Amino acid sequence: MTTLLVVQHEDECPPGMLGRWWVEDGATLDVRRPYAGEPLPPDLSGHAGLVVLGGHMGADDDADHA
């Protein structure tokens, strides 16, 4: 089974549609939330890939997030 390590940066920004597609394709998601105190693994052994999600800020939001 394929396990993906997913690093989520904000509560409001989960894997969403990508996560559903990966699960439908047979992957297992290991979602970690460092902002909530969940530790990251020391290495990627046991994971087939790494996905680092972004936040809700967009490319045109400089003035709001400076």
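Conventions and cut-offs
Residues numbered from 1 in each chain as written. Predicted model: local features only at pLDDT ≥ 70, side-chain atom pairs only at ≥ 80, totals over all residues. Heavy atoms only, no water. Buried < 20%, exposed > 50% of the residue type's maximum accessible area, 1.4 Å probe, protein only. Helix = DSSP H or I, 4+ residues; strand = E, 2+ residues; numbered from the N terminus. Pairing = 2+ DSSP bridges. Salt bridge = Lys/Arg side-chain N within 4 Å of Asp/Glu carboxyl O.

A.B. asks: Can you help me understand the pairing of strand β3 (residues 49–52) in this one?
C.D. replies: Along any regular strand, the residues point their side chains to alternate faces of the sheet. Because side chains alternate across β3, one face comprises the buried residues G49 and V51, and the other comprises L50 and V52, none of which is buried. Relative to β3, strand β1 (residues 3–7) is paired through four bridges, and the arrangement is parallel. Paired with V7 across the bridge in β3 is V52.

A.B. asks: Explain the pattern of salt bridges here, please?
C.D. replies: Within this structure, the stated rule accounts for two salt bridges. For D30, the salt bridge goes to R32, with nearest N and O atoms at 2.9 Å. One salt bridge connects R33 with E38, and the closest N-O pair in it is separated by 3.7 Å. What makes E38 partly exposed here is its relative accessible area of 29%.

Any functional reading would require information that these geometric values do not contain.
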